[in-house]
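Commentary on secondary and tertiary structure
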Amino acid sequence: MVNRLGLHLPLFDLVVKEVIEVLLELRRQGADVPIAVNASIDTVCEPGMADLLAAKMWDACLPTRLLKVEVTEDLPVLDELCLSGCLNTLRAKGFPLSLDDFGAGSATFNVLFKMPFDEVKIDGAFIRNMETSSHSHAIVTTLISLAKGLNLKLVAEGIENESLLAALLGIGCHIGQGYALARPMEREDFIQHQLARLPAMAMKAT
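As the structure is a computational prediction, the values presented were derived from the model and not from experiment.

1. Section: empty space enclosed by the protein
Within the structure shown, the criterion is met by two cavities of 30 Å³ or more. In this model, the second largest cavity occupies a volume close to 40 Å³. Among the elements that line the lining of the second largest cavity, the one with the most residues is helix α7 (residues 134–149), at three residues. Residue composition of the lining of the second largest cavity, by class: nine nonpolar, no polar and no charged.

This is the structure:
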């Protein structure tokens, strides 16, 4: 609906503004925590988007590596050359790139191979069906192997119980999102949640 009404850019600007404020608050308190923002293909391909996004981060004295651009599959890829160019420009400026909901929308393996993504996120429908569908389990296992072969970080979406978490760990997927890991949080709750993890993060870093 947002895309149909032409409101994707104002919405993206609002989300980026909020995320930059959260990143600044975390940095003031000693935590550099990367945050991903969703962006439609139309948003990513908006002329000058990479320069504008980089300027916002630089003005805030934040490294671009802290803002991951997560491309959604809500629109088909009509111009692969344009999308590839825009993604490469974002990547050149230091923004990590992620392909969201892989397998559920219009993205194909061809797009995944051609575009400069750093990360691919398996759609939650495959994850949730792993315990009851051998096909879903096989697809997830194959995607994990594919991601490793392409040197891509892989994220499993829709992890909603401990048994799914254990199953994913068992087949080599170590990054995920879902209710079994954390539920959606208000801004201040998220900040406090991250700050509470600082000692553990520092220990892991050393």
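2. Thoughts on the state of the cysteines
Under the criterion given, the structure shown has zero disulfides. Free of any disulfide, C82 has its nearest cysteine sulfur in C45, 3.8 Å distant. Judged by its relative accessible area of 30%, C82 is partly exposed.

3. Considerations on the pairing of strand β2 (residues 67–71)
Consecutive residues of a regular strand have side chains that alternate between opposite faces of the sheet. Counting buried positions along β2 yields five of five residues, so the element is predominantly enclosed. Side chains of β2 alternate between two faces, with L67, V69 and V71 and K68 and E70 buried alike. Judged from the five bridges that link them, strand β1 (residues 35–39) and β2 form a sheet pairing that is parallel. Paired with N38 across the two strands is E70, which belongs to β2.

4. Points about the packing of aromatic side chains
Considering all chains together, one arrives at zero aromatic pairs under this definition. Note that R183 overlies the ring of Y179, its terminal NZ or CZ placed 4.0 Å from the centroid.

5. As for the environment of R187
Relative to the assigned elements, R187 resides in helix α9 (residues 187–196). Through-space distance from the C-alpha of R187 to that of E18 is 9.2 Å; in sequence the pair is 169 residues apart. Residue contacts for R187: discarding those within four places in its chain leaves E18, E21 and V22. Side-chain polar atoms of R187 contact the side chain of E18, separated by 3.1 Å. Only 3.0 Å separates the side chain of R187 from the side chain of E21, close enough to count as a polar contact.

6. A closer look at a nonpolar patch on the surface
A contiguous nonpolar patch, built from M1, V2, L5, L7, L11, L14 and V15 and spanning about 650 Å² of accessible area, is present on the exposed surface. With respect to the helices, strands and loops of the structure, L11 is situated in helix α1 (residues 8–28). Looking at L11, the relative accessible area reads 41%, which means it is partly exposed.

7. Remarks on the confidence of the model for the protein chain
Per-chain confidence: the protein chain averages 89 in pLDDT, with 91% of residues scoring 70 or above. Mean pLDDT in the protein chain bottoms out at helix α10 (residues 198–205), which sits at 52, and peaks at helix α3 (residues 49–59), which reaches 97. In this model, residues 202–206 is a region of pLDDT below 50 whose contacts with residues beyond four sequence positions or in other chains number zero contacts.

8. Structural notes on the pattern of salt bridges
Taken as a whole and judged by the stated rule, the model has 14 salt bridges. The salt bridge partner of R65 is D32, with a shortest N-O separation of 3.6 Å. Of the two residues, R65 is situated in the loop between α3 and β2 and D32 in the loop between α1 and β1; the sequence distance between them amounts to 33 residues. What makes R65 partly exposed here is its relative accessible area of 46%. For D32, a relative accessible area of 32% puts it in the partly exposed group. Connected through salt bridges with shared partners, the residues K17, E18, E21 and R187 form a single ionic network.

Conventions we followed
Residues numbered from 1 in each chain as written. Predicted model: local features only at pLDDT ≥ 70, side-chain atom pairs only at ≥ 80, totals over all residues. Heavy atoms only, no water. 1 Å grid on protein atoms, 1.4 Å probe; cavity = no way out; pocket = protein on both sides within 12 Å on 5 of 7 lines; lining within 4 Å. Points joined across faces, edges and corners; volume = space filled by probe spheres on them. Helix = DSSP H or I, 4+ residues; strand = E, 2+ residues; numbered from the N terminus. Nonpolar A, V, L, I, M, F, W, Y, C, P; charged D, E, K, R; others polar. Disulfide = S-S within 2.5 Å. Buried < 20%, exposed > 50% of the residue type's maximum accessible area, 1.4 Å probe, protein only. Pairing = 2+ DSSP bridges. Phe/Tyr/Trp six-rings, centres within 6.5 Å; stacked < 30°, edge-to-face > 60°. Lys NZ or Arg CZ within 6 Å of the ring centre and 35° of its normal. Contact = heavy atoms within 4.5 Å. Polar contact = N/O pair within 3.5 Å; in protein donor to acceptor, adjacent residues only side chain to side chain. Patch = residues over 30% accessible without salt bridge, like charges linked within 9 Å, V, L, I, M, F, W, Y side chains within 5 Å. Areas by Shrake-Rupley, 256 points an atom, 1.4 Å probe, with all protein chains shown as cover. Salt bridge = Lys/Arg side-chain N within 4 Å of Asp/Glu carboxyl O. pLDDT = per-residue confidence, 0-100.

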